[in-house]
Amino acid sequence: PKDMEIFSNILNAYDKKKEYQKAVSFYESTIGDQEPSNDVLSWYAVQLFKLKEYSKSEAQYQRLFKNGYKDKNDFIFYIKVLAEIGKDQLNAAVDLYLKDKNDDEIRLEQARALYELKSYDSALSILDKLDPKMQNESEVIIERVYCLSELDKNNEVINLCDILLERKIYLAEAHFYK
């Protein structure tokens, strides 16, 4: 495309209309050998995910992140893609992304993805490594409840649900799991 802004607007219009296959077809027929911007490449990876083409989506995210691209929101979405592919790739990608820093929000998403992969002990291990202040956050506590419940650790589940009920947050879940 000669004008990347117009190209992006057309792609976004397809997305808003939920015409993901048309969007991907338009992208693939138009981009040719031109190197897309990071935003456009990220958009393409998301569209492939929406079409459940997880391996293709993952390949585009790898292409995006291998050159040092560090957009946190894009990486969080990449975690969702990796959750559809497997635990080993997920953990390796997160570790590589965080090699020079720590980010509890990214680690929380990693734990959620591991839960979806039914890797409950691994998810709990990630949650245990979060900053102590973050571990006390209600959204982390409920993730612990989900994992511990799957592992039949009922006493711990009940104790955590009591904390949530006391805080008056995640009430439906806390009552359900208690």
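In the block above lies the structure referred to throughout.
These lines cover the structure that appears in this document, whether it is placed above or below. (Residues numbered from 1 in each chain as written. Predicted model: local features only at pLDDT ≥ 70, side-chain atom pairs only at ≥ 80, totals over all residues. Heavy atoms only, no water.)

Secondary structure assignment for the protein yields twelve helices and zero strands. Reading the secondary structure of the protein in the N-to-C direction produces α-α-α-α-α-α-α-α-α-α-α-α. Seen through its principal axes, the protein has C-alpha atoms that stretch 60 × 35 × 25 Å. For the protein, the share of sequence-separated contacts (at least 6 apart) that also reach a separation of at least 24 residues comes to 48%. Per element, the accessible surface of the protein, about 10200 Å² overall, is 47% carbon and sulfur. (Helix = DSSP H or I, 4+ residues; strand = E, 2+ residues; numbered from the N terminus. Contact = heavy atoms within 4.5 Å. Areas by Shrake-Rupley, 256 points an atom, 1.4 Å probe, with all protein chains shown as cover.)

Our next topic: the pattern of salt bridges. With the rule as written, the count across this model stands at 14 salt bridges. A salt bridge links K50 to D15; the shortest N-O distance between them is 2.7 Å. Pair noted here: K50 is in helix α3 (residues 38-50) and D15 is in helix α1 (residues 4-16), with a separation of 35 residues, a long-range link. Judged by relative accessible area, K50 falls into the partly exposed class, the value being 33%. Its salt-bridge partner being K17, residue E19 comes within 3.7 Å of it at the nearest N-O pair. (Salt bridge = Lys/Arg side-chain N within 4 Å of Asp/Glu carboxyl O. Buried < 20%, exposed > 50% of the residue type's maximum accessible area, 1.4 Å probe, protein only.)

Turning next to the packing of aromatic side chains. For the structure on display, the rule yields 19 aromatic pairs. On the basis of an interplanar angle of 90° and a centroid distance of 5.3 Å, the ring pair of F65 and F75 is categorised as edge-to-face. Taken as a pair, F65 in helix α4 (residues 54-65) and F75 in helix α5 (residues 72-83) lie far apart in primary sequence, ten residues in all. Grouping residues by exposure puts F65 and F75 together as buried. What links up through ring pairs into an aromatic cluster is the set F7, Y14, F26, Y27, W43 and Y44. A cation sits over an aromatic face here: K70 above Y97, 4.8 Å from the ring centre. Lying over the aromatic face of Y97, K101 brings its terminal NZ or CZ to 4.6 Å of the ring centre. (Phe/Tyr/Trp six-rings, centres within 6.5 Å; stacked < 30°, edge-to-face > 60°. Lys NZ or Arg CZ within 6 Å of the ring centre and 35° of its normal.)

To continue, consider the nonpolar core. Formed by 58 residues in total, the largest nonpolar core has its most connected members in Y27, Y61, F65, F75, Y78, I106 and V145. Counting residues per element, this core draws most heavily on α3, which supplies eight residues. Filtering out sequence-adjacent residues up to four positions away, Y27 remains in contact with F7, L11, P36, V40, L41, W43 and Y44. (Core = buried A, V, L, I, M, F, W, Y, C linked by side-chain atoms within 4.5 Å.)

Relative to the assigned elements, E35 resides in the loop between α2 (20-31) and α3. Exposure remark for E35: the relative accessible area of 55% places this residue in the exposed category. Setting aside residues no more than four positions away along its own chain, E35 makes contact with M4 and R63. A polar atom in the side chain of E35 sits 3.3 Å from the side chain of R63. (Polar contact = N/O pair within 3.5 Å; in protein donor to acceptor, adjacent residues only side chain to side chain.)

Moving on: the side chain of E58. Inspection of the secondary structure puts E58 in helix α4. No salt bridge is formed by the buried E58; its nearest oppositely charged neighbour, K66, is found at 12 Å. A distance of 2.7 Å separates the side chain of E58 from the side chain of Q62, its partner in a polar contact. Among residues more than four places away in sequence, those in contact with E58 are Y78, V81, L82, I85 and Q89. (Lys, Arg positive; Asp, Glu negative; His and termini not counted.)

Another point: the side chain of E109. Take E109: it is sitting in helix α7 (residues 104-116). Residue class for E109 comes out buried when judged on its relative accessible area of 14%. Among residues more than four places away in sequence, those in contact with E109 are I76, I79 and K80.

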